[in-house]
Amino acid sequence: MRVRFTKMHGLGNDFVVIDAISQRIKLNADKVRRLADRRFGVGCDQVLIVEVPQNPDVDFRYRIFNADGSEVENCGNGARCFAKFVTDRKLTGKSSITVETANGIMVLNVQDNGEVSVDMGAPRIQPADLPFIAAEQAVTYPLPLTDTSLEVSAVSMGNPHAVTLVDDIDQAPVENWGPQVESHQQFPQRVNAGFMQVISRSEVKLRVYERGAGETLACGTGACAAVVAGRLRNLLDSEVRVHLPGGTLTIRWEGSAEDTDHSVIMTGPAANVFHGQVKV
């Protein structure tokens with residue numbers, strides 16, 4: 001089976017995007033792993049699939065597979081690339097695009113400057129929503145590791161995140177802590193581990209060790225979760241520039257610990273790298 005694809009990235013978080021509307025494909029976890037392999041495949045953090053929606057009131061179905069073959073609920077950087085892909089390929093003429101995901105409906109807005117704003121929906125902070133094993137809901141939770149204990153905020157952006165404050169993002173031992181947090185027994189479905197340094201009330205630095213992908217250059221849902229975590233601790237204003245290794249996203253959230261029922265709006269770029277065909 002030969003598959004047409006486009007290699008894309010959002011701030012270095014890279015994707016293989018496949019149009020499953022104009023071509024017939026059948027992927028499984030093994031084929032996804034082969035596509036994502038950086039030595040023997042195309043290479044990517046996630047494989048994104050564009051499908052006909054099951055809900056007739058939306059434009060597309062958006063499916064996301066991690067490099068390890070697991071299907072996940074959400075990917076913010078991927079959503080921006082998804083919007084650029086369906087626009088560039090003329091699969092839609094709309095600038096406001098609705099897509100269904102495993103986590104519900106998402107709205108993608110393509111701006112005149114080429115950037116994409118994504119309504120990521122309201123965050124969820126109940127432990128059961130991640131899921132996260134905790135006696136009761138709190139702003140932060142102690143998380144014991146083999147050599148230390150972290151204070152994490154648990155936030156769901158349709159996928160689970162554990163956010164830890166660090167003094168110096170460059171010196172934070174992400175390569176040590178990240179895998180331990182990702183597979184911690186208190187997160188039975190694993191978790192994305194974010195490490196955030198607060199620069200000011202409107203600016204942070206962030207590194208994310210993603211579930212099923214390892215540390216990536218950028219994580220859109222991770223940036224959203226980090227800003228939510230900072231707002232829950234009353235450390236950040238409602239609009240924050242999040243500096244990731246691959247570039248900067250703007251995240252806006254009007255919520256607080258007392259009122260979380262506000263959508264998180266993420267704005268940032270998406271870019272094509274190349275188009276190709278691959279035998280799967």
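Before any of the text, the structure's been laid out above.
Residues numbered from 1 in each chain as written. Predicted model: local features only at pLDDT ≥ 70, side-chain atom pairs only at ≥ 80, totals over all residues. Heavy atoms only, no water.

With that out of the way, let us pick up empty space enclosed by the protein. For the coordinates displayed, the defined rule picks out one cavity of 30 Å³ or more. Its boundaries defined by the atoms lining it, the largest cavity holds a volume of some 80 Å³. Taken together, 14 residues line the largest cavity, and the ones lying closest to its centre are Gln46, Asn74, Asn159, Asn192 and Glu210. Elements with a minimum of two residues in the lining of the largest cavity: α2 (76-88) and α4 (220-232). Within the lining of the largest cavity, the residues separate by chemical class into three nonpolar, nine polar and two charged. (1 Å grid on protein atoms, 1.4 Å probe; cavity = no way out; pocket = protein on both sides within 12 Å on 5 of 7 lines; lining within 4 Å. Points joined across faces, edges and corners; volume = space filled by probe spheres on them. Helix = DSSP H or I, 4+ residues; strand = E, 2+ residues; numbered from the N terminus. Nonpolar A, V, L, I, M, F, W, Y, C, P; charged D, E, K, R; others polar.)

Moving on, we get to the packing of aromatic side chains. With the rule as written, the count across this model stands at six aromatic pairs. Judged by centre distance (6.0 Å) and plane angle (75 degrees), the ring pair of Phe60 and Phe82 falls under edge-to-face. Residue Phe60 is located in strand β4 (residues 60-66), and its partner Phe82 is located in helix α2; the two are separated by 22 residues in the primary sequence. An identical accessibility class is assigned to Phe60 and Phe82; each is buried. A ring pair is formed by Phe132 and Tyr141, whose centres lie 4.8 Å apart and whose planes are at 75 degrees; its orientation type is edge-to-face. Comparing Phe132 with Tyr141, the two get one shared label, buried. (Phe/Tyr/Trp six-rings, centres within 6.5 Å; stacked < 30°, edge-to-face > 60°. Buried < 20%, exposed > 50% of the residue type's maximum accessible area, 1.4 Å probe, protein only.)

Attention now goes to the pattern of salt bridges. A side chain with one charge may pair with a side chain of the opposite charge, provided their charged atoms come close. Applying the stated criterion across every chain yields a total of 18 salt bridges. A salt bridge links Arg190 to Asp68, with the shortest nitrogen-to-oxygen separation between them at 3.3 Å. With a gap of 122 residues between them, Arg190 in the loop between α3 (174-182) and β12 (192-200) and Asp68 in the loop between β4 and β5 (71-72) connect regions that are remote in the sequence. By relative accessible area, Asp68 is classed as partly exposed at 29%. (Salt bridge = Lys/Arg side-chain N within 4 Å of Asp/Glu carboxyl O.)

Here we come to the side chain of Arg207. Mapped onto the elements of the fold, Arg207 is located in strand β13 (residues 203-210). A distance of 2.8 Å separates a polar atom in the side chain of Arg207 from a polar atom in the side chain of Glu215. Residues contacting Arg207, with those up to four places away along its chain left out, are Ile169, Asp170, Ala172, Val174, Glu175, Ala193, Gly194, Phe195, Glu215 and Pro245. (Polar contact = N/O pair within 3.5 Å; in protein donor to acceptor, adjacent residues only side chain to side chain. Contact = heavy atoms within 4.5 Å.)

The next subject is α2. Relative to the 18 Å expected for 13 residues at 1.5 Å per residue, α2 spans 19 Å between its end C-alpha atoms, a close match to the ideal helical length. Regarding α2, the residues found buried are Gly76, Asn77, Gly78, Ala79, Arg80, Cys81, Phe82, Ala83, Phe85 and Val86. The first or second residue beyond α2 is Lys90, which carries a positive phi of 60 degrees. (Expected span 1.5 Å × (residues − 1).)

As a further point, take unusual backbone geometry. Cis peptide bonds are those with omega within 30 degrees of zero, and the linkage from Leu130 to Pro131 qualifies with -5 degrees. Along the chain, the position of Pro131 falls in the loop between β8 (116-119) and β9 (141-144). At Lys90, a position not held by glycine, the phi torsion is positive, near 60 degrees. With respect to the helices and strands, Lys90 occurs in the loop between α2 and β6 (96-101). Accessibility expressed as a relative area gives 71% for Lys90, which makes it exposed. In this model, Arg190 sits at a positive phi of 65 degrees, which is unusual for a non-glycine residue.

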